[in-house]
Amino acid sequence: MTFSLVGRCARTGMLGAVVTTSSISVGSRCSHARAGIGAALTQHRTDPRLGPLALDLLAHGFSAPEAMQAVVAATPHRHWRQLALIDAAGRTAVYSGANVRAERGEAQGKDCASIANIVRSAALPQAMVAAFEASPDLPLARRLIDALAAGEAAGGEYQPVTSAALVVVDREAFAYVDLRVDDHPQPIAELARLWAKYEPEAHAYVIRAVDPEAAVPPPGMQLKPA
């Protein structure tokens, strides 16, 4: 009852993941990303430990397919897991265990990979990949959200989705954007609204962290002389 996508922007090197489900607070369990390393998704009888494990392997020089093979081999309950992974070079890997419930699907494309379970169509991941690939010049966050919307348009889940999450990393140890809709009647639309509001400030938040002297104060804020 979850569909998701990991992706990379070839222009900027940004990496990210987007996910939605009919359960509460999907972003706290399923999506993981690390700047310069990769992005991972773990879902269906979700084990949140697997995302960081996969990223650790990428950080040690494994490619996405190599890391996926290692994670699956080391996972005792692998038949219940569904995973997607992308590395900093854009290589991808997906896995669906034998016990992952249908309809289920996987798709890999240029700089992206999508997985889904307990959805209306096994073709849903391919629709997400096509949407992501269609607009390479847009910001990565926008492309990820558009892919999620395409998954919903392609059939979505049997139950209404209630939560969604977006994470994108750039050059810093902290996320460039980390937005979560934990419980909402239209979580994908709400995620898009939040990104539209966050986007004008995203770069400024990074500057405030890494170079506060160069930060421009928010509109209307009067700074007192030192």
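Shown above is the structure to which this text applies.
Reference entry: report on the structure contained in this document.

The rules behind these values
- Residues numbered from 1 in each chain as written.
- Predicted model: local features only at pLDDT ≥ 70, side-chain atom pairs only at ≥ 80, totals over all residues.
- Heavy atoms only, no water.
- Helix = DSSP H or I, 4+ residues; strand = E, 2+ residues; numbered from the N terminus.
- Buried < 20%, exposed > 50% of the residue type's maximum accessible area, 1.4 Å probe, protein only.
- Polar contact = N/O pair within 3.5 Å; in protein donor to acceptor, adjacent residues only side chain to side chain.
- Contact = heavy atoms within 4.5 Å.
- 1 Å grid on protein atoms, 1.4 Å probe; cavity = no way out; pocket = protein on both sides within 12 Å on 5 of 7 lines; lining within 4 Å.
- Points joined across faces, edges and corners; volume = space filled by probe spheres on them.
- Nonpolar A, V, L, I, M, F, W, Y, C, P; charged D, E, K, R; others polar.
- Pairing = 2+ DSSP bridges.
- Phe/Tyr/Trp six-rings, centres within 6.5 Å; stacked < 30°, edge-to-face > 60°.
- Lys NZ or Arg CZ within 6 Å of the ring centre and 35° of its normal.
- Axes fitted to C-alpha atoms, helices over the stretch in contact; angles between N-to-C directions.

Here Ala102 and Glu103 are connected by a cis peptide whose omega angle stands at -10 degrees. Relative to the elements of secondary structure, Glu103 occurs in the loop between strand E6 (92-96) and strand E7 (104-109). Even without being a glycine, Ser25 presents a positive backbone phi close to 55 degrees. Assignment of secondary structure puts Ser25 in the loop between strand E2 (15-21) and strand E3 (31-34).

With that out of the way, let us pick up the side chain of Thr20. With respect to the helices, strands and loops of the structure, Thr20 is situated in strand E2. Since its relative accessible area comes to 0%, Thr20 is described here as buried. In this structure the side chain of Thr20 is engaged in a polar contact, spanning 2.7 Å, whose partner is the backbone oxygen of Ser163. Discounting chain neighbours no more than four positions away, the residues touching Thr20 are Met1, Thr2, Phe3, Val26, Leu148, Glu157, Val161, Ser163, Ala164, Pro187 and Ile188.

The subject of this paragraph is the side chain of Ser4. Following the sequence through the fold, Ser4 ends up in strand E1 (residues 2-8). Residue classification places Ser4 among the buried residues on the basis of a relative accessible area of 0%. Discounting residues that sit within four places of it in the chain, Ser4 has contacts with Val18, Val19, Leu41, Gln43, Ala113, Ser114, Ile115 and Met128.

Here we take up empty space enclosed by the protein. The tally for this structure, following the rule as stated, stands at one cavity of 30 Å³ or more. Put simply, the largest cavity is a space of about 60 Å³. Every residue along the wall of the largest cavity is listed here: Ala40, Leu41, Thr42, Leu50, Gly51, Ala54, Met68, Val71, Leu83, Ala84 and Leu85. Looking at the lining of the largest cavity, the elements with two or more residues in it are strand E4 (38-43), helix H1 (50-59), helix H2 (64-74) and strand E5 (82-87). For the lining of the largest cavity, the residue count by class is nine nonpolar, two polar and no charged.

Before going further, it helps to spend a moment on the pairing of E5. With six of six residues buried, E5 lies mostly within the body of the structure. Neither face of E5 is open: one carries Gln82, Ala84 and Ile86, the other Leu83, Leu85 and Asp87, and all of them are buried. Looking at chain direction, E4 and E5 are connected through six bridges and run antiparallel. Bridge pairing in E5 links Thr42 to Leu83. In terms of strand pairing, E5 meets E6 through five bridges, oriented antiparallel. When the sheet's bridge partners are listed, Leu85 is paired in E6 with Ala93. Adjacent in sequence and paired antiparallel, E5 and E6 are bridged by four residues, among which Gly90 carries a positive phi angle near 90 degrees.

Now for the packing of aromatic side chains. Applying the stated criterion across every chain yields a total of one aromatic pair. Look at Tyr198 and Tyr205: their rings are 5.4 Å apart centre to centre, the planes differ by 45 degrees, and that puts the pair in the tilted class. Residue class for Tyr205 comes out partly exposed when judged on its relative accessible area of 37%. One Lys or Arg, Arg143, reaches over the ring of Phe132 and ends 3.9 Å from the middle of that ring.

Attention shifts here to the sheet that holds strand E9 (residues 163-169). Taken in spatial order, the six strands line up as E7-E8-E1-E2-E9-E10 in an open sheet, and their pairing is antiparallel. Sheet topology places E7 and strand E10 (177-181) at the edges, where each strand pairs with a single neighbour. Ignoring strand direction, the axes of neighbouring strands in this sheet form an average angle of 5 degrees. Of the strand pairs in this sheet, E1 and E2 are connected by seven bridges, and their pairing is antiparallel. In the strand pairing of E2, Phe3 is matched with Thr20. Its contacts with the sheet place helix H3 (residues 124-133) against E1, E7 and strand E8 (112-117), and it is angled at close to 150 degrees to E8. Packed onto the sheet, helix H4 (residues 140-153) meets E1, E2, E9 and E10 and runs at close to 150 degrees relative to E1.

This is a description of form; function is not addressed.
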